[in-house]
Amino acid sequence: MRILLVEDDTLLGNGVSTGLSQAGFAVDWATDGDDAETALSATSYDAVVLDLGLPKTDGLTVLKRLRTSKDPTPVLILTARDSIEDRVAGLDAGSDDYLVKPFELAELQARLRALLRRPKGMIDPTLRHGRVTLNPADRAVSLDDNPVDLSEREYATLYELMLNTGRVLSKAQLEDKLYGWGEEIGSNTIEVYVHHLRRKLYPELIRTVRGVGYVMTKVGP
Ligand code: CA
């Protein structure tokens, strides 16, 4: 899951960026509206966390332009306490949710998870495939009801494949979802994560489509 965070406050931006990364999100952090628009035009994000008071282009303008261009990326706006007008303007301009500063990181994470499953029409957040169950709320994975310990990236790889069951994901698509700006990607890291997942879960879970990518086929074993 790749998130664009747009926040000019360094302290808050640092905290949110670090917290979301630790929760398994790949985070790109833009500190003004112009950078945000550049990022949005170049990368497909799963969600945007958008502060409204920003240098250069303000957040509301960024949001309006995004929606004018028919971009449906879920947007959660961050607003100051007491500014009901901001919240209303944000929702009217096409934001999907809002949080009032100061907020708890746990609440931001929970709201993001809710936003991320909305476009897929998922009511039950738990993902199931064959013998594997994945619960995004506590990032718990189990095989035949036995908990399985996965690294952050292994979990993120599994999550993307399970969300897209039946769709082949290329290595580049998976890398896009797993890594933010400036994060170094080894040449065979995705292969390594898939290898670990097959070993920790079971080999037939993830199918390699030679020259294309990886897929979880719809029929579980
Ligand atoms: Ca601000």
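Conventions used here
Residues numbered from 1 in each chain as written. Predicted model: local features only at pLDDT ≥ 70, side-chain atom pairs only at ≥ 80, totals over all residues. Heavy atoms only, no water. Helix = DSSP H or I, 4+ residues; strand = E, 2+ residues; numbered from the N terminus. Rg over C-alpha atoms; globule rule 2.2 N^0.38 Å. Buried < 20%, exposed > 50% of the residue type's maximum accessible area, 1.4 Å probe, protein only. Contact = heavy atoms within 4.5 Å. Donors = N, O, S within 2.8 Å, 3.2 Å for Na, K, Ca; no water. Domains from an automatic or database assignment. Buried area = accessible area lost by both parts, 1.4 Å probe. Salt bridge = Lys/Arg side-chain N within 4 Å of Asp/Glu carboxyl O. Polar contact = N/O pair within 3.5 Å; in protein donor to acceptor, adjacent residues only side chain to side chain. Core = buried A, V, L, I, M, F, W, Y, C linked by side-chain atoms within 4.5 Å. Axes fitted to C-alpha atoms, helices over the stretch in contact; angles between N-to-C directions. Parallel < 35°, antiparallel > 145°, perpendicular 65-115°, else oblique. Nonpolar A, V, L, I, M, F, W, Y, C, P; charged D, E, K, R; others polar.

## Some words on the overall build of the protein chain
Inference 1: Looking only at helices and strands, the protein chain has eight helices and 11 strands in total.
Inference 2: Computed over C-alpha atoms, the radius of gyration of the protein chain comes to 18 Å, within 12% of the 17 Å expected from 2.2 N^0.38 for 221 residues, which places it in the range of a compact globule.
Inference 3: Seen through its principal axes, the protein chain has C-alpha atoms that stretch 55 × 35 × 30 Å.
Inference 4: Per-residue burial over the protein chain gives 48% buried out of 221 residues.
Inference 5: Partitioning the contacts of the protein chain with sequence separation of at least 6, the portion at a separation of at least 24 is 58%.

## A closer look at the coordination of the calcium ion
Reference values for coordination geometry: four tetrahedral donors around a metal ideally subtend 109.5 degrees, six octahedral donors ideally subtend 90 or 180 degrees.
Inference 1: All of the protein donors around the calcium ion are Asp 8 (OD), Asp 51 (OD) and Gly 53 (O); their distances to the metal are 2.1 to 2.3 Å.
Inference 2: All donors of the calcium ion belong to a single chain; written as a sequence motif, their spacing is D-x42-D-x1-G. Within this pair, whereas Asp 8 is found in the loop between β1 (2–6) and α1 (10–22), its partner Gly 53 is found in the loop between β3 (47–51) and α3 (59–68), the two being separated by 45 residues in sequence.
Inference 3: Judged by relative accessible area, Gly 53 falls into the partly exposed class, the value being 47%.

## Quick look at the domain arrangement of the protein chain
Inference 1: With domains assigned, the protein chain is organised as domain 1 (2–120) and domain 2 (127–216).
Inference 2: Of note, the centres of domain 1 and domain 2, computed from C-alpha atoms alone, are 26 Å apart.
Inference 3: Of the residues lining the interface, 17 residues belong to domain 1; the matching set on domain 2 comes to 13 residues.
Inference 4: With both sides pooled, the region where domain 1 packs onto domain 2 buries about 1,100 Å², and carbon together with sulfur makes up 47% of that total.
Inference 5: Inspection of the region where domain 1 meets domain 2 yields two salt bridges.
Inference 6: The closest approach of N and O atoms between Arg 2 and Asp 176, which form a salt bridge, is 3.6 Å.
Inference 7: Where domain 1 packs against domain 2, one counts five residue pairs in polar contact (both at pLDDT 80 or more).
Inference 8: If you list the elements that add at least two residues to the side of domain 1 that touches domain 2, you get β1, α1 and β2 (26–30).

## Examining the nonpolar core
Inference 1: Ranked by internal contacts, the top residues of the largest apolar core, which has 46 residues, are Phe 25, Leu 108, Val 132, Val 141, Leu 158 and Leu 201.
Inference 2: Element by element, the count of residues in this core is highest for helix α6 (residues 152–163), at seven residues.
Inference 3: Counting the residues that make up this core, at least three belong to each of domain 1 (2–120) and domain 2 (127–216).
Inference 4: Membership of the second largest hydrophobic core comes to 18 residues, among which are Ala 30, Ala 39, Val 48 and Leu 60.

## Let's talk about unusual backbone geometry
Inference 1: Cis geometry is found at the peptide bond from Lys 101 to Pro 102, where omega equals -5 degrees.
Inference 2: Topologically, Pro 102 is positioned in the loop between β5 (97–100) and α5 (105–117).
Inference 3: Positive phi outside glycine occurs at Asp 144, with the angle close to 50 degrees.
Inference 4: Among the structural elements, Asp 144 can be located in the loop between β8 (140–143) and β9 (146–148).
Inference 5: Take Asp 144: its relative accessible area is 39%, and that puts it in the partly exposed class.
Inference 6: Look at Asp 145: it is not a glycine, yet its phi comes out positive at around 70 degrees.
Inference 7: Mapped onto the secondary structure, Asp 145 falls in the loop between β8 and β9.

## As for the packing of helix α7 (residues 171–178) against helix α8 (residues 189–200)
Inference 1: Close contact between α7 and α8 brings their axes to 10 Å; oriented N to C, the two are set at 85 degrees. Classified by the interaxial angle, the pair formed by α7 and α8 is roughly perpendicular. Note on element contacts: α8 touches α7 through Ile 190, Glu 191 and Tyr 193, opposite Lys 171, Leu 174, Glu 175 and Leu 178.
Inference 2: Partitioning the contact of α7 with α8 into residue classes produces four nonpolar, no polar and three charged.

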